[in-house]
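What the coordinates show
So you can see what is in the structure, the chains are spelled out below.
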Amino acid sequence: APLVRTQTVRMGVRDRPGAGIEELHRVAGTVRTKAGEPAAGAWVVLPETGGFAVADAQGRFSVTSVRAGSHRLQVRGADGGEAEASADVPGGPIELRLG
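Because the structure is a prediction, the values reported are computed rather than measured.

To continue, consider the environment of Gly-92. Along the chain, Gly-92 turns up in the loop between β7 (82-89) and β8 (94-97). Residues Gly-92 and Val-27 lie 65 residues apart in sequence; the distance between their C-alpha atoms is 9.3 Å.

In structure tokens:
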């Protein structure tokens, strides 16, 4: 099945409808090496929120409980390669390439 790039969860308090609704998102994407291969084991971090994930064997990652907005992502591969990008949440696919 295709990788889900963004998922939204809306939460509210039933006993307090005036309390509002909070949306949290799941952000996902792919990390590749400089040569274009999947970067298995790469660390993906959202430093401002503390969210992180480790890429699987296909280079795919997923970070949960992310609020809407623009977020900075930092990536470090097992070989020491690094990358930095920004992502709009919710948004389209996140494709990262290590430098």
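The structure having been displayed, the exposition proceeds.
Glancing now at the packing of aromatic side chains. Under the criterion given, the structure shown has one aromatic pair. Ring centres 6.1 Å apart and planes at 15° place the aromatic pair Trp-43 and Phe-52 in the stacked group.

Before going further, it helps to spend a moment on the side chain of His-71. Take His-71: it is sitting in strand β6 (residues 69-76). A polar atom in the side chain of His-71 sits 2.7 Å from the backbone oxygen of Arg-67. Once residues lying within four places of it in the same chain are set aside, the contact partners of His-71 are Leu-46, Thr-49, Val-66, Ala-85, Ser-86, Ala-87 and Val-89.

Moving on, we come to the pairing of strand β3 (residues 43-46). Because side chains alternate across β3, one face comprises the buried residues Val-44 and Leu-46, and the other comprises Trp-43 and Val-45, none of which is buried. As defined by bridge partners, β3 adjoins strand β4 (residues 51-54) across four bridges and the pair is classed as antiparallel. Bridge pairing links Trp-43 to Val-54 in β4. Hairpin connection, β3 to β4: the antiparallel pair is bridged by four residues, and Gly-50 has positive phi, about 85°. Bridge analysis of β3 against β6 gives three bridges, and the strand direction is antiparallel. Counterpart to Val-45 in the pairing with β6 is Gln-74.

This paragraph deals with the environment of Ala-28. Within the secondary structure layout, Ala-28 lies in strand β2 (residues 21-32). Taking the relative accessible area as the measure of exposure, Ala-28 reaches 1% and is therefore buried. In the structure, Ala-28 is positioned 65 residues away from Pro-93 in sequence and 7.3 Å away in space, judged by C-alpha atoms.

Before going further, it helps to spend a moment on the sheet that holds β3. A sheet is described by the order of its strands in space; here four strands give the open sequence β4-β3-β6-β7, paired in antiparallel fashion. Of all the strands in the sheet, just β4 and β7 have a single pairing partner and so form its edges. Taken pair by pair, the neighbouring strands of this sheet meet at an average axis angle of 20°, ignoring direction.

Once that is clear, we can look at the environment of Glu-84. Mapped onto the secondary structure, Glu-84 falls in strand β7. Classification of Glu-84 as exposed rests on a relative accessible area of 52%. A sequence separation of 12 residues divides Glu-84 from Arg-72, and the C-alpha atoms of the two residues are 7.3 Å apart. The residues touching Glu-84, leaving out its near neighbours within four places in the chain, are Arg-72, Leu-73 and Gln-74.

Thresholds applied
- Residues numbered from 1 in each chain as written.
- Predicted model: local features only at pLDDT ≥ 70, side-chain atom pairs only at ≥ 80, totals over all residues.
- Heavy atoms only, no water.
- Helix = DSSP H or I, 4+ residues; strand = E, 2+ residues; numbered from the N terminus.
- Phe/Tyr/Trp six-rings, centres within 6.5 Å; stacked < 30°, edge-to-face > 60°.
- Polar contact = N/O pair within 3.5 Å; in protein donor to acceptor, adjacent residues only side chain to side chain.
- Contact = heavy atoms within 4.5 Å.
- Buried < 20%, exposed > 50% of the residue type's maximum accessible area, 1.4 Å probe, protein only.
- Pairing = 2+ DSSP bridges.
- Axes fitted to C-alpha atoms, helices over the stretch in contact; angles between N-to-C directions.

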